[in-house]
Each structure stands twice: as C-alpha cells, then as structure tokens.
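This is what each chain is made of:
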There are 2 protein chains.
Amino acid sequence: MSTRSVTTAIHVLEAVAELQPVGLSELSRAVEVPKATVQRVLVTLEELQWIERAERDGGKWSIAVHAYAVTSRGSSGSRIRDVAIGPLSALQLETGETIHLAVPDELRMVVIERLDTPHVLRAFLALGSRIPMHASATGLTFLAHSSEEFVRAYLQHPLAASTPDTMVHPQEVQAELKAIRSRGYSINPGGLSSGITAIGAALISRELGPVGSISVSGPSSRITPDKFQEYGTAVAATARQISMALPG
Amino acid sequence: MSTRSVTTAIHVLEAVAELQPVGLSELSRAVEVPKATVQRVLVTLEELQWIERAERDGGKWSIAVHAYAVTSRGSSGSRIRDVAIGPLSALQLETGETIHLAVPDELRMVVIERLDTPHVLRAFLALGSRIPMHASATGLTFLAHSSEEFVRAYLQHPLAASTPDTMVHPQEVQAELKAIRSRGYSINPGGLSSGITAIGAALISRELGPVGSISVSGPSSRITPDKFQEYGTAVAATARQISMALPG
DNA sequence: AACAATCGGTTCATCTAGTGAACCAACGGA
DNA sequence: TCCGTTGGTTCACTAGATGAACCGATTGTT
C-alpha cells in the first residue's frame, strides 16, 4: 500500500515547480532520491509533456504548459468560482476596485479569480499567485474563521514579512484575528504590497467551514480609512451572499 | 525504460481532470487499466492532495486546488506572463476591453491570463480555458505565424464549429491566415462565442518562433468594424513590445 | 420479488519493472 | 593538474506494481 514510484514522481514534479528552472543533481538532493531514479522520472514526465527542458541553460527542467492546462480546468475551486462570479462582478461595479477570490492551499492562499478596475493605479496579483495568509486580507479573514488548532499550527511557522508593514508576531496576528471576527471583515494596509490596501471577508460553507475569501484591493491613496467601513460592509455582504449559494 | 506506474498515474490524473467529477469504474474504462490499479493510484494521489473526493455524490473524484497551485506557479507560461502583464495592462486601459493572453498546448490555446473590463457586458473566458485555434483570434494569429507543417498538420484534424460563424473549411482558414499575415493582426467576429468579437496578435520569440498570443475581446456591438484597425494596430504594437521583451 | 448490471472496493499469486550504489565523461574553477 | 561539480548510465536485487477474480451494496428492470 504505497505506490512509491508515483509518490516520488509527484514529489519530483512539485520540486520542479518550486525550483524551476532546475537541474538533475539539485532535484535529486531536494527530493532525497538517487539521481538515477529522478532521471527516469524526469524522462517519463517529459514524455508525458508535463515538464520540458530549456534548450540552452544546460537542459534545466521546468513545468510545461500542458501540466497547467490539465490541472486548471475544473478544480474544486471552480465550483466556488462559478457561484462567486456574479456577486463578485456586482461588488466590482459597486466599488470600482480590484476584486480577488482566493482559496487556501497548505499555508498559502491561491488567487483563483480576479476582476479588474478601470483605474490606472491598480492592485495586481497574477492569477495563481500563492500568498501568505498572515500577510493578506484574504488570508487573515480565512484564519479568523478557521479552527483554533489550525491557527495555532499556522502561527507555529515563522511568519515572513512581505513588506515592512507585515505582521510577523503571533500575538499581533491573534489580536488582529479577534478584531476581524468582531468587525466582520479584515483590513490589510500595505501588509502584502507597499502602498496597497485590501479589505477581505471569508466564504464560509455551513458544512465545511471556511473555504476561501474575497477581497477588495487598491492603492492606499484611494482606499483610505474613511472608506474602510463602507467597503468592509459591502465585502462582508457579498461574502455572505456567496456563502449561502455555496454547494454543500 | 518505461516507468509504467507513473505513466498510468498521470493518465489517471488527466482523465480525472477531463471527466470530473468521476467515479472509479468510469476512470478504469477511460484509461483502460484495471480497477484495482486505478484505485491504488487514486488513493495515492489523494494522499498527495492532488485529487479529492466529493463528500456526497458517491465519492466521485475531482482535481484538488493543490494541483492547480503547484502547476500554476512558474510554468513556461509564467515567464511570458511576467513580461506581458505590464504592456497588457496598458492595452486594457487603452481599449477598455477584456484582454486575453494565451499559449498553445497541443491543438488548443490555453488562456493563462486575463485582464477584464469594468463593463457590465463583458467577454469572458475562464482561466485555463482550452479553445480551438481555428475558432479564436489568439489561435488564428498563432497559426498564421507557425510553420507550414504545423498548420498543415493542424488542418488535417476535423475543424469543429464553436458557433455557426466558425470557419470550418481548411481553405477558408488558410486564406484567413494569409490575410492575418499581411494585416498584422487577426479578427474573429463571433467565431468562438456568438456576439463576441476579438482581435489578436501573436507573441513571437526571435529564437523559438510564435510562443503565444494576445487579444482584445468584447461584445460585437462595441467592437464594430470601424474600430478594427484602431484596436488591431494597438494589439499588434503591444504584441511586438512583449515579443521584444521575451526571454531567449 | 427476483434479476441483472451497475457501483466502489479488496484480495493475492505472479513476476514485471523500479531501485540505488557505483560508475562514466565532461565541464569549470582554483 | 586537481577537485568538485555537472548530466547521464549500468545492472543485480527484490520491492512492489499488476490484474483476474472476487465481495457486498445499490440501482433499475422485468
């Protein structure tokens, strides 16, 4: 009951994704598997079009588009996306700012949808970005509605600072989570990108608990403290609306 | 020299992506591998968080977000995305319409980035959408700048119609490709979705040839023939700009 | 109510095929 | 020249993948 080769293959694949472009020896060390084994896996994955080697650059490996194409269609996130897109669109029109939809993956939030603003100055996260929970409005609300154990486990890990304004002390984060719970939405001024403020609210499935979050982001010069409450209640209302439409 | 189990595992994964939500027996049939083997692979992939089973619904399988998160970071597409995002943002502001960035995968174009418009009426392709080349503005420009062999090989396959307006005759497509080459950009009125017109231009790496395309899309009621040239030159200029900034 | 055809899941004898230590040749500093 | 890399290959050993056949539970049909 192990399916070892498959497990190592996936580990190699994840290592390639993380370290790309990367060579054989480095991968072998990263995955802690002999070179010969890694080599065979690489060749196999190449045949399957999941990875490709750079023409130059000593033939280092990278993830191929095909892998992305396979995994991006559907995904559990898409159910959420489908029910969220309508309300998010309305929220975008109402606020005029960038809207993000993110779901948790391990210790990060992954941005699975974005609606843009017409403003020249705009907040920007590439789709598929993986951002730290404690440094983002989406992550913070998600944490605020997660179980105590999860939060404790999360705060065990070192909290990297994305900007000088990122909260890096566990107590500080805990206090903020409490504030978020009573307030109903999160506010993150410059914690992820300097000069960008975001306001977020969690999507909560009745059965599964928190499954993701949404946020409104824009330059701190536009999203000023006097707008926090207006945007906050709008985001929270939209989140509630989506939550109720959630499958399950 | 085969790494069979890895190959079947990936095949199972791709089948899950295509058929999700899907059950054991159906997968077994799709991949043409005994149930027992598929079962073991599924359990392994679940342990690795690449797939998950629906709580209800008889435990059917779907791709998990984690898989998406792994493959979306980086990927050959992302290099393109990184250099493209700035110019695309400018193009979006200039035109006010939805911008798509797509790269080829097998016989399709895969949408890897999108900048949308604040308009209520908006063109919309989900990220990761796989669209036929002959039915899309992005695909057509890509074809127009591909090798003759590639085009011939592509046109060998039956050309499915996405809408009544899709070009389905090889000669028709060939003629259009010629027009695109002399014009510098592609125009696709309603070929992919009825009522949506798109204008595209290819991203061409000096060393690798065409590596992807960009397009401006919107309702045909807004993107009228009198705007074709304006948008066309804008798209083509942006594509050239990105092409020059391309790595390699 | 009995039937047949699904479903998801498990068992186990067979032997394929994955493993990994040890080995290249080639490159690049020092 | 030497040392530490790199990517890549060989091969004896046996761990571990395979797949036909099985089970109990649903489901829809007669």
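What you see is a predicted model, and the numbers here were worked out from it, not measured in a lab. (Residues numbered from 1 in each chain as written. Chains lettered and ligands numbered in written order. Predicted model: local features only at pLDDT ≥ 70, side-chain atom pairs only at ≥ 80, totals over all residues. Heavy atoms only, no water.)

Attention now moves to the pattern of salt bridges. The final tally for this structure, using the stated rule, is twelve salt bridges over all chains. For Arg 130 of chain A, the salt bridge identified is with Asp 105 of chain A, shortest N-O distance 3.0 Å. Residue Arg 130 of chain A is found in strand β5 (residues 130-132), and its partner Asp 105 of chain A is found in strand β3 (residues 98-105); the two are separated by 25 residues along the sequence. Grouping residues by exposure puts Arg 130 of chain A and Asp 105 of chain A together as buried. The partner of Glu 176 of chain B in a salt bridge is Arg 183 of chain B, with the nearest N and O atoms 3.7 Å apart. When its relative accessible area of 31% is taken as the criterion, Arg 183 of chain B is described as partly exposed. Linked by salt bridges that have partners in common, Arg 114 and Asp 116 of chain A together with Arg 81 and Glu 113 of chain B make up one network. (Salt bridge = Lys/Arg side-chain N within 4 Å of Asp/Glu carboxyl O. Helix = DSSP H or I, 4+ residues; strand = E, 2+ residues; numbered from the N terminus. Buried < 20%, exposed > 50% of the residue type's maximum accessible area, 1.4 Å probe, protein only.)

Take the sheet that holds strand β8 (residues 209-219) of chain B next. Residues and elements named next belong to chain B. Overall, antiparallel pairing links the six strands, which are arranged β5-β4-β3-β8-β7-β6 in an open sheet. The open sheet has two edge strands with one neighbour each: β5 (130-132) and β6 (186-189). The sheet shows a mean angle of 35 degrees between the axes of neighbouring strands, taken without regard to direction. When strand β7 (residues 196-205) meets β8, the two strands line up antiparallel, connected through ten bridges. Across the sheet, the residue bridging to Ile 199 is Val 216, located in β8. (Pairing = 2+ DSSP bridges. Axes fitted to C-alpha atoms, helices over the stretch in contact; angles between N-to-C directions.)

Glancing now at the packing of aromatic side chains. Evaluated as defined, the whole model comprises four aromatic pairs over all chains. An angle of 40 degrees between the planes, with centres 6.2 Å apart, marks the rings of Tyr 68 of chain A and Tyr 68 of chain B as tilted. Taken as a pair, Tyr 68 of chain A in helix α4 (residues 65-72) and Tyr 68 of chain B in helix α4 (residues 65-72) lie in two separate chains rather than in one. Where Phe 142 of chain A meets Phe 150 of chain A, the ring centres are 6.1 Å apart and the plane angle is 85 degrees; that geometry is what we call edge-to-face. Taking the relative accessible area as the measure of exposure, Phe 142 of chain A reaches 6% and is therefore buried. For Phe 150 of chain A, a relative accessible area of 28% gives the class partly exposed. Lying across the ring of Tyr 185 of chain A, Arg 183 of chain A places its NZ or CZ 5.8 Å from the centre. (Phe/Tyr/Trp six-rings, centres within 6.5 Å; stacked < 30°, edge-to-face > 60°. Lys NZ or Arg CZ within 6 Å of the ring centre and 35° of its normal.)

Moving on: the domain arrangement of chain A. For chain A, the assigned domains are domain 1 (4-71) and domain 2 (74-245). Computed from C-alpha coordinates alone, the two centres of domain 1 of chain A and domain 2 of chain A are separated by 33 Å. (Domains from an automatic or database assignment.)

Before going further, it helps to spend a moment on the protein's contact with DNA strand D. In the vicinity of DNA strand D, 18 residues are found, and the nearest of them are Thr 3, Arg 4, Ser 25, Arg 29 and Lys 35 of chain A. Counting only atoms of DNA strand D within 4 Å of the protein, the fraction found in sugar and phosphate groups is 66%. The backbone of Arg 4 of chain A places a nitrogen or oxygen atom 2.7 Å from a phosphate oxygen of DNA strand D. In the model, a phosphate oxygen of DNA strand D is placed 2.5 Å from a nitrogen or oxygen of the Ser 25 of chain A side chain. If you list the elements that add at least two residues to the surface near DNA strand D, you get α1 (4-19), α2 (24-31) and α3 (35-47) of chain A together with α1 (4-19) and α3 (35-47) of chain B. Grouping the constituent residues of the surface near DNA strand D by class yields four nonpolar, eight polar and six charged. (Near = heavy atom within 4 Å. Polar contact = N/O pair within 3.5 Å; in protein donor to acceptor, adjacent residues only side chain to side chain. Nonpolar A, V, L, I, M, F, W, Y, C, P; charged D, E, K, R; others polar.)

Attention now moves to the relation of the copies chain B and chain A. Note that the two copies of the chain are related through a rotation about an axis and a translation along the same axis. For the pair chain B and chain A, the relating rotation is 176 degrees, the translation along its axis is 0.0 Å, and the fit reaches an RMSD of 0.7 Å. In symmetry terms, the pair is related by a two-fold rotation axis. Among all residues of chain B, the one whose C-alpha sits closest to the rotation axis is Val 6 of chain B, at a distance of 2.6 Å. A share of 98% of the interface residues of chain B reappears at the interface of chain A, consistent with the copies meeting face to face through the same patch. (Least-squares fit on C-alpha atoms with pLDDT ≥ 70 in both. Contact = heavy atoms within 4.5 Å.)

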